[in-house]
Amino acid sequence: MHLVLFLVFGAICTAGAVNLLAQTHPISSALSLVVVMASLAVEYLLLGAEFVAAVQVIVYAGAVMVLFVFVIMLLNAGIEERTKGSHVAIVLGVPGVLAGGLLIAWTLLKRSGGGTVALGSLPGAPQTIAKQLFHEFLLPFELTSILVLIAIMGAVFLANRPEPKGPATGKES
Amino acid sequence: MVPVSYYLVLSGILFTCGVIGFLIKRNVITIFMSIELMLNGVNLSFVAFAAHWQKLSGQVFVFFVMVVAAAEAAVGLAIIIAVFRTRETLNVDQVNLLKL
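Just so it is clear, the structure is predicted and the values come from calculations on it, not from any experiment.

Overview of the overall build of chain B
Secondary structure assignment for chain B yields three helices and one strand. Listing every helix and strand of chain B by position from the N terminus yields β-α-α-α. Along the three orthogonal principal directions, the C-alpha set of chain B runs to about 55 × 25 × 15 Å. Among the 100 residues that make up chain B, the fraction classed as buried is 56%. The contacts of chain B with a sequence gap of at least 6 include a subset with a gap of at least 24, amounting to 51%. Each charge sign in chain B was given a centre, from 6 positive and 4 negative side chains, and these centres are 4 Å apart.

Brief notes about the packing of helix H2 (residues 26-46) of chain A against helix H3 (residues 50-75) of chain A
All names here are of chain A. At a minimum axis separation of 8 Å, H2 and H3 run at an interaxial angle of 175°. One way to sum up the angle between H2 and H3 is to call them roughly antiparallel. Touching Pro26, Ile27, Ala30, Leu33, Val34, Met37, Leu40, Ala41, Tyr44 and Leu45 of H2 are Glu50, Val52, Ala53, Gln56, Val57, Tyr60, Ala61, Met65, Val69, Ile72 and Met73, all from H3. When the residues that make up the contact of H2 with H3 are grouped by side-chain class, the tally is 19 nonpolar, one polar and one charged.

Focus: the packing of aromatic side chains
Given two aromatic rings, one states the distance between the centres and the angle between the planes to describe the pair. As enumerated under the stated definition, the model contains 11 aromatic pairs over all chains in all. Seen in terms of ring centroids, phenylalanine 68 of chain A and phenylalanine 32 of chain B are 6.3 Å apart; in terms of plane orientation they differ by 55°. Their pairing is tilted. Remark: phenylalanine 32 of chain B occurs in helix H2 (residues 28-53) and phenylalanine 68 of chain A occurs in helix H3; the pair is interchain, linking two chains. By the burial criterion, phenylalanine 68 of chain A is buried, and phenylalanine 32 of chain B matches it. Each residue in the set Phe51, Phe134, Phe137 and Phe141 of chain A together with Phe46, Phe61, Phe63 and Phe64 of chain B is aromatic and connected to the rest through ring pairs, giving one cluster.

Thoughts on the interface of chain A and chain B
On the chain B side, the residues contacting the 72 residues of chain A number 66 residues. Overall, the association of chain A and chain B removes approximately 6,200 Å² of surface from exposure, summing both partners, and the carbon and sulfur fraction of that is 78%. Between the two partners, chain A and chain B, sit zero salt bridges. The tally of links from chain A across to chain B stands at six residue pairs in polar contact (both at pLDDT 80 or more). The leading source of residues in the side of chain A that touches chain B is H3 of chain A, at 13 residues. Pairing geometry for strand E1 (residues 116-117) of chain A and strand E1 (residues 2-3) of chain B, over two bridges, is antiparallel. Bridge pairing in E1 of chain B links valine 117 of chain A to valine 2 of chain B.

Let's talk about helix H5 (residues 126-135) of chain A
Listing the buried residues of H5 of chain A in full gives Ile129, Gln132 and Leu133 of chain A. Taken down its axis, H5 of chain A places every buried residue within 95° of arc, on the same side. Among the exposed residues of H5 of chain A, those oriented more than 90 degrees off its buried face are Gln127, Lys131 and His135 of chain A. Its buried side turned inward, H5 of chain A meets H3 and helix H6 (138-159) of chain A together with helix H3 (57-87) of chain B.

Some points on the packing of H2 of chain B against H3 of chain B
What describes two packed helices is the angle between their axes and the distance between those same axes. Residues and elements named next belong to chain B. Two numbers describe how H2 lies on H3: the axes approach to 9 Å, and their chain directions differ by 175°. As far as their axial angle goes, H3 and H2 are roughly antiparallel. Counting all contacts with H2, which are made through Val28, Ile29, Phe32, Ile35, Glu36, Leu39, Asn43, Phe46, Val47 and Ala50, the residues of H3 involved are Gly58, Gln59, Phe61, Val62, Val65, Met66, Ala69, Glu72, Ala73, Gly76, Leu77 and Ile80. In terms of residue class, the contact of H2 with H3 is built from 16 nonpolar, four polar and two charged.

Some points on the layout of surface pockets
By rolling a water-sized probe across the atoms, one finds the places where empty space is left. Roughly 350 Å³ of internal volume is contained in the second largest pocket. In this structure, the second largest pocket is lined by 15 residues; those nearest its centre are Gly101 and Leu102 of chain A together with Gly12, Ile13 and Thr16 of chain B. Secondary-structure elements contributing two or more residues to the lining of the second largest pocket are helix H4 (87-111) of chain A together with helix H1 (4-24) of chain B. In terms of residues, the lining of the second largest pocket owes the most to one element, H4 of chain A, which gives eight residues. In terms of residue class, the lining of the second largest pocket is built from 11 nonpolar, four polar and no charged.

So, how was this worked out
Residues numbered from 1 in each chain as written. Chains lettered and ligands numbered in written order. Predicted model: local features only at pLDDT ≥ 70, side-chain atom pairs only at ≥ 80, totals over all residues. Heavy atoms only, no water. Helix = DSSP H or I, 4+ residues; strand = E, 2+ residues; numbered from the N terminus. Buried < 20%, exposed > 50% of the residue type's maximum accessible area, 1.4 Å probe, protein only. Contact = heavy atoms within 4.5 Å. Lys, Arg positive; Asp, Glu negative; His and termini not counted. Charge placed at Lys NZ, Arg CZ, Asp CG, Glu CD. Axes fitted to C-alpha atoms, helices over the stretch in contact; angles between N-to-C directions. Parallel < 35°, antiparallel > 145°, perpendicular 65-115°, else oblique. Nonpolar A, V, L, I, M, F, W, Y, C, P; charged D, E, K, R; others polar. Phe/Tyr/Trp six-rings, centres within 6.5 Å; stacked < 30°, edge-to-face > 60°. Buried area = accessible area lost by both parts, 1.4 Å probe. Salt bridge = Lys/Arg side-chain N within 4 Å of Asp/Glu carboxyl O. Polar contact = N/O pair within 3.5 Å; in protein donor to acceptor, adjacent residues only side chain to side chain. Pairing = 2+ DSSP bridges. Arc of directions from axis to C-beta. 1 Å grid on protein atoms, 1.4 Å probe; cavity = no way out; pocket = protein on both sides within 12 Å on 5 of 7 lines; lining within 4 Å. Points joined across faces, edges and corners; volume = space filled by probe spheres on them.

Below, the structure written as structure tokens:
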């Protein structure tokens with residue numbers, strides 16, 4: 001049952017990721033990214049990480065993707081124009097990526113000692129996560145609050161429309 | 001019972017899709033989404049290793065990665081809006097100066 005669920009949602013996840021690459025319109029790519037993130041949340045649940053799964057749905061599939069879709073709508077992004085890649089890159093790159101990926105997958109599957117994960121083997125409930133987060137990782141946690149504050153200020157500053165300079169240029173009064 | 005290596009292979013697939021999208025896509029928003037895809041692949045391997053070694057630190061690190069990804073998305077999309085305002089384009093081939 002565990003394996004079947006893993007395979008089904010892994011297949012959905014991979015299909016979403018490939019669809020993200022195949023689509024030309026950004027809004028289609030954004031929606032397939034939502035599919036990837038939702039199925040990844042199920043994978044986290046299968047690994048016993050309940051808190052991470054909930055945060056994945058709320059923060060990633062909710063907040064971040066809404067931000068992306070909002071910007072796509074705001075900028076009225078259309079179908080992207082493709083530029084032609086060089087011939088050498090395609091001839092060498094595609095087999096290279098395939099060979100590298102197969103090598104990594106083979107190494108992981110054959111040589112990694114073969115530990116297995118059972119359902120509920122490591123309970124990642126909010127209480128246990130919070131104990132780690134607020135005892136061992138308190139300093140990094142506080143640092144991320146500063147990071148988020150700086151990110152907010154940077155986003156507001158960058159997206160702010162610059163005011164027209166000079167005393168004579170159109171001040172509405 | 002699922003081997004941990006299966007999760008690692010899935011995370012590798014996601015990361016590779018992100019890298020390929022980062023390289024072949026020309027729309028700057030789609031490139032950003034590819035970066036998010038890479039971060040998600042890394043998160044999956046964090047959680048898989050947390051389950052393998054029976055330590056919760058991996059899941060806490062996923063939390064930090066998510067915070068960094070959210071901050072990066074906010075700042076990056078603001079930069080995209082600022083660039084679009086002056087250049088009127090989202091194609092990265094036409095954005096070839098660091099100057100706004």
